[in-house]
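Examining the three-dimensional arrangement
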Amino acid sequence: MAFDKDAIIASLKEASISDLNDLVKAIEDEFDVSAAAPVAAAAGGADAGATKDSYDVELTESGDQKVKAIKAVREITGLGLKDAKGLVDNVPSVIKEGVSEDEANDLKAKLEEVGGVVTLK
């Protein structure tokens, strides 16, 4: 008897959910297997496909226009001169946390415009 996968697929398309459930149980019993996905693989797959909804903007290099970078950081964060200078001088440093993707890209563009190198995490 030849294996006819097309006929099997056609039969599966016509089957009800309870029939398919019974089929899975019968296959599990017959071949001593489990249809359940391993927990670690399922969790890893879910995380990989999930889209990120908040980002951290990290200044990884201040560039050669430090004064402009400090001004940009002050504008973005609202920090004083000393604190903004500290972030620019002590790279890598997180400039803003938990922002939306659009805002993160805008902040990245502002910092790159003054010579900074930015990473979104």
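Residues numbered from 1 in each chain as written. Predicted model: local features only at pLDDT ≥ 70, side-chain atom pairs only at ≥ 80, totals over all residues. Heavy atoms only, no water.

What follows covers the overall build of the protein. Broken down by element type, the protein carries 6 helices and 3 strands. When the elements of the protein are put in sequence order from the N terminus, they spell out α-α-α-β-α-α-β-α-β. Every one of the 121 residues in the protein was classed for burial, and the buried ones make up 18%. Counted over contacts in the protein with a minimum sequence separation of 6, partners at least 24 positions apart contribute 65%. Here the protein displays about 8,800 Å² of accessible surface, and carbon together with sulfur accounts for 53% of that area. (Helix = DSSP H or I, 4+ residues; strand = E, 2+ residues; numbered from the N terminus. Buried < 20%, exposed > 50% of the residue type's maximum accessible area, 1.4 Å probe, protein only. Contact = heavy atoms within 4.5 Å. Areas by Shrake-Rupley, 256 points an atom, 1.4 Å probe, with all protein chains shown as cover.)

Look at any regular strand and the pattern is simple: side chains alternate between the two faces of the sheet. Sheet topology note: the strand S1 (residues 55-61)/strand S2 (residues 93-99) ladder contains 4 bridges and is antiparallel. Across the sheet, residue Tyr 55 finds its bridge partner in S2, namely Val 99. Here 4 bridges tie S1 to strand S3 (residues 117-120), and the two strands are oriented antiparallel to one another. Within the sheet, the bridge partner assigned to Glu 58 lies in S3 and is Thr 119. (Pairing = 2+ DSSP bridges.)

Taking strand neighbours across the sheet as the criterion, the 3 strands line up as S2-S1-S3 in an open arrangement whose pairing is antiparallel. Two strands bound the open sheet, and with one partner strand each, they are S2 and S3. Between one strand axis and the next, the sheet turns through 20° on average, direction left out of account. (Axes fitted to C-alpha atoms, helices over the stretch in contact; angles between N-to-C directions.)

Time to look at the packing of helix H4 (residues 66-77) against helix H6 (residues 101-113). As a packed pair, H4 and H6 sit with axes 9 Å apart at the nearest point and diverge in direction by 160°. Looking at the two axes, H4 sits roughly antiparallel to H6. As H4 packs across H6, the resulting crossing turns out to be right-handed. Taken together, the residues of H6 that come into contact with H4 (itself represented by Ala 72, Val 73, Glu 75 and Ile 76) are Leu 107, Lys 110 and Leu 111. Grouping the constituent residues of the contact of H4 with H6 by class yields 5 nonpolar, no polar and 2 charged. (Parallel < 35°, antiparallel > 145°, perpendicular 65-115°, else oblique. Left-handed = near helix turned anticlockwise from the far one by under 90°. Nonpolar A, V, L, I, M, F, W, Y, C, P; charged D, E, K, R; others polar.)

Here the focus is the nonpolar core. Judged by nonpolar contacts, the single largest core of 18 residues is most densely connected at Val 57, Val 73, Val 88, Ile 95 and Leu 111. Going through the elements one at a time, S1, H4, helix H5 (81-89), S2 and H6 are the ones with two or more residues in this core. Apart from the residues lying within four places of it in its own chain, the contact partners of Val 88 are Leu 59, Ser 62, Lys 66, Ala 69, Ile 70 and Val 73. (Core = buried A, V, L, I, M, F, W, Y, C linked by side-chain atoms within 4.5 Å.)

Turning to the side chain of Ser 93, a few remarks are in order. Along the polypeptide, Ser 93 turns up in strand S2. For Ser 93, a relative accessible area of 8% gives the class buried. Among the polar contacts made by the side chain of Ser 93, one reaches the main-chain carbonyl oxygen of Leu 87 at a distance of 2.6 Å. Apart from the residues lying within four places of it in its own chain, the contact partners of Ser 93 are Val 57, Glu 58, Leu 59 and Leu 87. (Polar contact = N/O pair within 3.5 Å; in protein donor to acceptor, adjacent residues only side chain to side chain.)

With respect to the helices and strands, Leu 59 occurs in strand S1. Along the backbone, Leu 59 and Val 91 are 32 residues apart, and their C-alpha atoms lie at a distance of 6.2 Å. Once residues within four sequence positions are removed from consideration, Leu 59 is found in contact with Val 88, Val 91, Pro 92, Ser 93, Ile 95, Gly 116, Val 117 and Val 118.

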